[in-house]
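Summary of structural features
Letter by letter, the chains look like this.
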Amino acid sequence: MSVRRSLARAYWRVSRWTLRTERVPADGAGLLIGAPHTSNWDFVLMLAIAGEADLTFRWLGKHTLFRGVAGPLMRALGGIPVDRRDPAGLVDEIVARLGGGERFYLVVTPEGTRRGDGWKSGFYRIARATDLPVTLGYVDRTTRTTGLGPTLTLTGDVRADMDEIRAFYADKAGHTPSRRTEPRLRDESPTPPPPPPA
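Residues numbered from 1 in each chain as written. Predicted model: local features only at pLDDT ≥ 70, side-chain atom pairs only at ≥ 80, totals over all residues. Heavy atoms only, no water.

**A short note on the side chain of Glu 52**
For Glu 52, the position within the fold is in helix 2 (residues 41–52). Of the polar contacts made by the side chain of Glu 52, one reaches the side chain of Arg 23; its length is 2.8 Å. The contact partners of Glu 52, leaving out residues within four places of it in the chain, are Arg 5, Ala 8, Arg 9, Trp 12, Leu 19 and Arg 23. (Helix = DSSP H or I, 4+ residues; strand = E, 2+ residues; numbered from the N terminus. Polar contact = N/O pair within 3.5 Å; in protein donor to acceptor, adjacent residues only side chain to side chain. Contact = heavy atoms within 4.5 Å.)

Here's what the structure looks like:
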């Protein structure tokens, strides 16, 4: 057993949170959604979830986390810096790495800045471009549970895919519930208005 897995299992033995997780292949690849993303404590839970499952993973973090002495540690923990002032090319870079044969799970928190204005669509574009599955990771303060939920293959029907994602997260409240964001892509087609009365 790896040191990382041993540390993660020790964490779960003493944590006030309960790990309830569905398994994904340890040597596989895909996207892991982290939601609702409402607190920096989510990062600790994510490390412990992935560590317990012994997954090779990468995560996206704002570039300021990688400054100074913290930079090497963040990269050692699987971090990939994202400059939100200039995000062009990030999706292409991730697609190229996965398409080039790298095997890892990419942890994505599509709520971004946690301001309640919808999810960013990068995870959707990466999943469709690489044909990789998307696993719904979660934090639920109401039950003090966290882990990995179902794994989906996105179809390209954005609304139908997001309806399935919304259904899973409908009863999940993050670490700080007031910061929860509805799982809705900013470029998702609006719901058509109801027909006029007859």
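**Re the pairing of strand 5 (residues 105–108)**
Side chains Tyr 105 and Val 107 project from strand 5 onto one buried face, and the interleaved Leu 106 and Val 108 project onto a second face that is buried too. By the bridge criterion, four bridges tie strand 2 (residues 30–35) to strand 5 in an arrangement that is parallel. Directly across from Gly 30, in strand 5, lies its bridge partner Tyr 105. Where strand 3 (residues 57–62) lies against strand 5, three bridges are found, and the strand directions are parallel. Across the sheet, residue Phe 57 finds its bridge partner in strand 5, namely Tyr 105. (Buried < 20%, exposed > 50% of the residue type's maximum accessible area, 1.4 Å probe, protein only. Pairing = 2+ DSSP bridges.)

**Side note on the environment of Trp 59**
As for its position among the elements, Trp 59 is in strand 3. Residue Trp 59 is classed as buried on the basis of its relative accessible area, which comes to 4%. Sequence separation of Trp 59 and Phe 104 is 45 residues, and the distance between their C-alpha atoms is 10.0 Å. Residues within four places of Trp 59 in sequence aside, it is in contact with Phe 43, Met 46, Leu 65, Phe 66, Met 74, Leu 77, Gly 78, Gly 79, Ile 80, Leu 106 and Val 107.

**A short note on the nonpolar core**
Nonpolar side chains in soluble globular proteins tend to end up buried together. Of all hydrophobic cores here, the largest spans 30 residues; its most connected members are Leu 31, Trp 119, Phe 123 and Tyr 169. Every element with two or more residues in this core is listed here: strand 2, strand 4 (79–82), helix 4 (90–99), strand 5, helix 5 (122–130), strand 6 (134–140) and helix 6 (158–169). Here the element with the most residues in this core is helix 4; it accounts for five residues. In terms of nonpolar packing, the next biggest core, distinct from the first, is built from 19 residues, Met 46, Ala 53, Leu 55 and Phe 57 among them. (Core = buried A, V, L, I, M, F, W, Y, C linked by side-chain atoms within 4.5 Å.)

**Comments concerning the pattern of salt bridges**
For the structure shown, the criterion picks out seven salt bridges. The residue Arg 4 makes a salt bridge to Asp 54 at a minimum N-O spacing of 3.8 Å. With a gap of 50 residues between them, Arg 4 in helix 1 (residues 3–14) and Asp 54 in the loop between helix 2 and strand 3 connect regions that are remote in the sequence. For Asp 54, a relative accessible area of 29% puts it in the partly exposed group. A salt bridge links Glu 102 to Arg 97, with the shortest nitrogen-to-oxygen separation between them at 3.3 Å. On the basis of relative accessible area, Glu 102 is assigned to the partly exposed category, the value being 31%. Judged by relative accessible area, Arg 97 falls into the partly exposed class, the value being 24%. By sharing partners, the salt bridges in this structure join Arg 9, Arg 23 and Glu 52 into a single network. (Salt bridge = Lys/Arg side-chain N within 4 Å of Asp/Glu carboxyl O.)

**What to know about unusual backbone geometry**
Cis geometry is adopted by the peptide bond preceding Pro 36, which originates at Ala 35 and carries an omega value of -15°. Here Pro 36 is to be found in the loop between strand 2 and helix 2. A positive phi is found at Asp 54, a non-glycine position, where the angle reads about 60°. Phi at Arg 144 is positive, roughly 55°, even though this residue is not glycine. Tracing the backbone through its elements, the reader meets Arg 144 in the loop between strand 6 and strand 7 (145–152). For Arg 144, a relative accessible area of 22% gives the class partly exposed.

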